[in-house]
Amino acid sequence: MSNPSFPPLPPDVRAMPHKFRVLTGERPTGPLHVGHYFGSLHNRVRLQNVGVDLIVVIADYQVLTDRTDPGNLSEIVHGLVLDYLAVGLDSRSTTIFVHSAVASLNQLLLPFLSLVSNAELARNPTVKEEIASTRHNTVTGLMYTYPAHQAADILSCGANLVPVGEDQLPHLELTRTIARRFNQRYAPLFPAVEPLLSPTPRLVGLDGRNKMSKSRKNTIDIRSTADKTAEHIAAAVTDSQRHITFDPQARPQVANLLRLASLCRNEDPHAIAAEIGDRGAAALKQTTIEAVNEYFAPIRARRDEYAKDPALVTSIIRKGNARASELADNTLSRVKEAMGMQY
């Protein structure tokens, strides 16, 4: 069944999927949560299923941009791959690779950095946000290279479509700038990279804060148990009004739970609010608990099955690393040739 919260993919993507290669991914900072699922993972599965060449990067080097201790990266990466498989990504058609395993990709960072100024890196919105929210007294040089590293991720594999939210458009624009400047200065190697805007409503944190964040512990992990899910939702912030209405502006916390329930039940949030009526926040939370647990039960069951084969994730990562390396090696070779650096 189609979900009205997920608009159809662009007509050209559906009609000619073979013309598109999509690069997407995340930093391995912890388990994926329902915000990730409805914000991006669901859309990745749709792109995969229509035949788009989907490449997912687990950007482990970028974990070091804002922290001194990367944590147990191998365990986190392993868990992310299981999450991917559980939600429907298929390693037979989707490439999943780890950033640090692709040497040629990371070598592209040097020529790319020569194409941008310090000021352009420093005023990148993502860099500014990360610097503002960092818990450390100093900012590493790696933080400032973050946008150029993203450009290397995208351009190394020849991606021409990148899923982003509207707030990430300036970030992608720097990739387009690097590609354009390289093409003008050396040779026309890189295609135009276009954004694929994600209009899916964003879920805010269960504590009422602006977004779900692993560090703030205000999320529901995809892999969570039914009991833990119920515990988190039961503790969610709402308001003192007993009659339940869907009003994102005046009642954002209540609207967030209604939106989550609507995404899981594939129903309009106004209709769910009317169903609950005067039964108050307790009924709203119980409705959301039931919707989330019912929706994610088969996903969690699949994840448990995949987890029984410890060699599976290793083989998927190795296969993905090999393909990403092949693509990046080819790109780096052409970059060196264009720059007169083939010795």
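Here the structure is shown first, and the text comes after it.
Treat the numbers as computed from the prediction; the structure is a model and nothing was measured. (Residues numbered from 1 in each chain as written. Predicted model: local features only at pLDDT ≥ 70, side-chain atom pairs only at ≥ 80, totals over all residues. Heavy atoms only, no water.)

Peer 1: What's the story with the environment of Arg-251 in this structure? I'm lost.
Peer 2: With respect to the element layout, Arg-251 can be found in the loop between helix H10 (226-234) and helix H11 (252-265). Linking Arg-251 and Thr-238, residues 13 residues apart in sequence, is a C-alpha distance of 8.0 Å. (Helix = DSSP H or I, 4+ residues; strand = E, 2+ residues; numbered from the N terminus.)

Peer 1: Even after reading the chapter, I still don't get the nonpolar core, so can you show me in this structure?
Peer 2: Among soluble globular proteins, nonpolar side chains are generally buried collectively. Grouped together as the largest cluster of nonpolar side chains are 59 residues, with contacts concentrated most on Phe-38, Tyr-84, Leu-258 and Phe-296. For this core, the secondary-structure elements that each account for two or more residues are helix H2 (34-50), strand E2 (53-58), helix H3 (73-87), strand E3 (94-98), H11, helix H12 (269-276), helix H13 (280-307) and helix H14 (310-338). The biggest single contributor to this core is H3, with 9 residues. Residue contacts for Phe-296: discarding those within four places in its chain leaves Val-34, Tyr-37, Phe-38, Ile-222 and Cys-264. Ala-59, Leu-105, Leu-109 and Ala-151 belong to the second largest nonpolar core, which has 35 residues in total. (Core = buried A, V, L, I, M, F, W, Y, C linked by side-chain atoms within 4.5 Å. Buried < 20%, exposed > 50% of the residue type's maximum accessible area, 1.4 Å probe, protein only. Contact = heavy atoms within 4.5 Å.)

Peer 1: Any chance you could explain the pairing of strand E1 (residues 21-26) here in plain terms?
Peer 2: Remark: a regular strand shows side chains that alternate across the two faces of the sheet. Across 6 bridges, E1 lies against E2 in parallel orientation. From the neighbouring strand, Leu-23 faces E2, where its bridge partner is Ile-55. Since E1 and E2 lie parallel, the crossover through H2 that links them has a hand, and here it is right-handed. (Pairing = 2+ DSSP bridges. Right-handed = clockwise from strand over helix to strand, strands pointing away.)

Peer 1: Hey, could you run me through H12 in this one?
Peer 2: Buried residues of H12: Pro-269, Ile-272, Ala-273 and Ile-276, and no others. Here the buried residues of H12 occupy an arc of 100° about the axis, which is enough to place them on one side. Structurally, H12 contributes buried residues whose contacts are with H11 and H13. The N-capping residue of H12, defined by a side-chain oxygen 2.7 Å from the backbone nitrogen of His-270, is Asp-268. Downstream of H12 by a residue or two, Gly-277 has a phi angle that is positive, lying close to 55°. (Arc of directions from axis to C-beta. Polar contact = N/O pair within 3.5 Å; in protein donor to acceptor, adjacent residues only side chain to side chain.)

Peer 1: Would you mind showing me how to read the packing of H11 against H12 here?
Peer 2: When two helices pack together, their arrangement is given by the angle between the helix axes and the distance between those axes. Contact geometry of H11 with H12 gives a least axis separation of 9 Å together with a crossing angle of 110°. Classified by the angle between their axes, H11 and H12 sit roughly perpendicular to one another. In terms of crossing hand, the pair formed by H11 and H12 is right-handed. Two secondary-structure elements touch here, H11 through Leu-258, Ala-261, Ser-262 and Arg-265 and H12 through Pro-269, Ile-272, Ala-273, Glu-275 and Ile-276. Class assignment of the residues belonging to the contact of H11 with H12 gives a composition of 6 nonpolar, 1 polar and 2 charged. (Axes fitted to C-alpha atoms, helices over the stretch in contact; angles between N-to-C directions. Parallel < 35°, antiparallel > 145°, perpendicular 65-115°, else oblique. Left-handed = near helix turned anticlockwise from the far one by under 90°. Nonpolar A, V, L, I, M, F, W, Y, C, P; charged D, E, K, R; others polar.)

Peer 1: Which parts of the structure should I look at to understand the pattern of salt bridges?
Peer 2: Counted according to the given criterion, the structure contains 14 salt bridges. Glu-267 is paired through a salt bridge with Arg-265; the nearest N and O atoms lie 2.8 Å apart. Among the ionic pairs, Arg-265 bridges to Glu-275, the shortest N-O distance being 2.7 Å. One end of the pair, Arg-265, is in helix H11; the other, Glu-275, is in helix H12, with 10 residues separating them in the sequence. We classify Arg-265 as partly exposed; its relative accessible area is 25%. (Salt bridge = Lys/Arg side-chain N within 4 Å of Asp/Glu carboxyl O.)

Peer 1: Sorry if this is basic, but what is going on with the pairing of strand E5 (residues 194-197) here?
Peer 2: Both strand E4 (residues 161-164) and E5 contribute to a ladder of 4 bridges, which runs parallel. Looking at E5, one finds that Leu-161 is bridged to Glu-194. Crossover connection from E4 via helix H9 (residues 169-185) to parallel E5: handedness right-handed.

Peer 1: Hey, could you run me through the side chain of Arg-303 in this one?
Peer 2: With respect to the helices, strands and loops of the structure, Arg-303 is situated in helix H13. Overall, the relative accessible area of 11% leaves Arg-303 in the buried class. If near-sequence neighbours (up to four positions away) are discounted, Arg-303 is found in contact with Gly-79, Leu-82, Asp-83, Ala-86 and Arg-223.

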